[in-house]
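Each chain, letter by letter, is given below.
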Amino acid sequence: VKAAWAATDGFVDEQFISFDEAQYKSMKDDLQRTPKFIKAIQKRCAGNEGQVTMLDIGTGPFAIFAIFAAKAGAKKVYVIEANP
């Protein structure tokens, strides 16, 4: 099964989906938030290497959590980003 559509299909106001580099940087550099996500990813993959499929919605320009999922042993990692 394969499907594709534009990230803004169904939206009247295309500014609804936007990327703010400053906001992304603040989330990426958040010393409380980011390590907790990474720990959760590692915990989910631990002992299940090569069996887990991960989905990273709103991955951002650096796909940080997707990369950590791959490093932690996820079999497949899918990423979705509205701003290519």
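Caption draft 1: Summary view of the pairing of strand β2 (residues 76-80). Of the pairings in the sheet, the one linking strand β1 (residues 53-57) to β2 comprises five bridges and is parallel in character. Residue Leu 55 lies in a different strand from β2, and its bridge partner there is Tyr 78. With helix α3 (residues 64-71) bridging β1 and the parallel β2, this β-α-β connection has right-handed handedness.

Caption draft 2: The arrangement of the packing of aromatic side chains in detail. Within this structure, the stated rule accounts for one aromatic pair. Taking the centre distance of 5.0 Å and the plane angle of 35° together, the rings of Phe 37 and Phe 65 count as tilted. Residue Phe 37 is located in helix α2 (residues 33-45), and its partner Phe 65 is located in helix α3; the two are separated by 28 residues in the primary sequence. One Lys or Arg, Lys 71, reaches over the ring of Phe 68 and ends 6.0 Å from the middle of that ring.

Rules and cut-offs
Residues numbered from 1 in each chain as written. Predicted model: local features only at pLDDT ≥ 70, side-chain atom pairs only at ≥ 80, totals over all residues. Heavy atoms only, no water. Pairing = 2+ DSSP bridges. Helix = DSSP H or I, 4+ residues; strand = E, 2+ residues; numbered from the N terminus. Right-handed = clockwise from strand over helix to strand, strands pointing away. Phe/Tyr/Trp six-rings, centres within 6.5 Å; stacked < 30°, edge-to-face > 60°. Lys NZ or Arg CZ within 6 Å of the ring centre and 35° of its normal.

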